[in-house]
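Residue strings, one per chain:
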Amino acid sequence: MLEAQPADAAIQSFTVTFLIRRFDPDVDTEPRWQDFDVEMYATDRVLDALHKIKWEQDGSLTFRRSCAHGICGSDAMRINGRNRLACKTLIKDLDISKPIYVEAIKGLPLEKDLIVDMEPFFASFREVQPFLIPGSKPEPGKERVQSVAERARFDDTTKCILCAACTSSCPVFWTDGQYFGPAAIVNAHRFIFDSRDDAASVRLDILNDKEGVWRCRTTFNCTDACPRGIEVTKAIAEVKQAVMRGKA
């Protein structure tokens, strides 16, 4: 029989050291590491730690966040060398016997602290035409009908939240700023294989470029980094096969 816990039983807290890579363009010529000791609980998230640092220790700490529930994709950053969402990374899942390293994602221009310029990322996203392009209008009052199987064909790639965790984990993207990157290809996949869309050939032509799908080296970094569990490398491989066939 389980014994009831006292109502006033204290939940154990502990001190966690965070090493954050800081950069202020107004005063710094190079990024620098700064440490913070934060009182945390096991079920707190890294985002909670960043809030405590900003609100209680250093108000100049700069980072993006919005929904705080893994949907908006705003708070992608490198935590202990891995791309993660700060709002989905629990303290209990990290080794707190050592400092927790937090820095901005790689491959995009650093603006301040944990914030990067996302415009190159979104420029690639826009270039693959990530929207439905139907060849005809549905009958008045009717929807574009799609079977369960047709919907399932691209279901995985509808989960993308444009956090850039996959793209900024790609070593090709780090060294070649012209590469479309995994996220753009994933969002192209979502429409290339949509039975309601009639512009697959246009997108395949866009991605059949020296900076398109053929730059992928299949390292699986992108799949490992995706916080939504999308099989990114598989999606890229399917787009490569479609390019070779000349159709979806």
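Here, every reference points to the structure presented above.
Computed from a predicted model, the values in this text were never measured in an experiment.

Chemist: Would you mind showing me how to read the pattern of salt bridges here?
Modeler: A pair can form between side chains of opposite charge whenever their charged atoms are brought close. Counted by the stated rule, this structure contains 16 salt bridges. A salt bridge links Asp28 to Arg32; the nearest nitrogen and oxygen atoms lie 3.2 Å apart. For Asp28, a relative accessible area of 16% puts it in the buried group. Measuring nitrogen to oxygen at the nearest pair gives 2.8 Å for the salt bridge that ties Arg203 to Asp197. The exposure class assigned to Arg203 is buried, which follows from its relative accessible area of 1%.

Chemist: It is not clear to me how empty space enclosed by the protein should be interpreted in this structure. Could you clarify?
Modeler: Where empty space is left can be seen by rolling a probe of water-molecule size over the atoms. Under the defined criterion, the tally for this structure stands at three cavities of 30 Å³ or more. Volume-wise, the largest cavity comes out at about 100 Å³. Lining the largest cavity are 14 residues, and of these Cys160, Cys163, Cys166, Cys226 and Ile230 sit closest to its centre. Broken down by class, the residue content of the lining of the largest cavity amounts to 13 nonpolar, no polar and one charged. Of the voids in this model, the second largest cavity is the one considered here, and its volume is about 80 Å³. Taken together, 14 residues make up the lining of the second largest cavity; nearest its centre are Cys170, Cys216, Thr218, Thr219 and Cys222. Residue assignment for the lining of the second largest cavity shows that the elements contributing at least two residues are helix H4 (171-175), helix H7 (221-225) and helix H8 (232-245). Each residue belonging to the lining of the second largest cavity can be placed in one class, and the counts come to nine nonpolar, four polar and one charged.

Basis of the calculations
- Residues numbered from 1 in each chain as written.
- Predicted model: local features only at pLDDT ≥ 70, side-chain atom pairs only at ≥ 80, totals over all residues.
- Heavy atoms only, no water.
- Salt bridge = Lys/Arg side-chain N within 4 Å of Asp/Glu carboxyl O.
- Buried < 20%, exposed > 50% of the residue type's maximum accessible area, 1.4 Å probe, protein only.
- 1 Å grid on protein atoms, 1.4 Å probe; cavity = no way out; pocket = protein on both sides within 12 Å on 5 of 7 lines; lining within 4 Å.
- Points joined across faces, edges and corners; volume = space filled by probe spheres on them.
- Nonpolar A, V, L, I, M, F, W, Y, C, P; charged D, E, K, R; others polar.
- Helix = DSSP H or I, 4+ residues; strand = E, 2+ residues; numbered from the N terminus.

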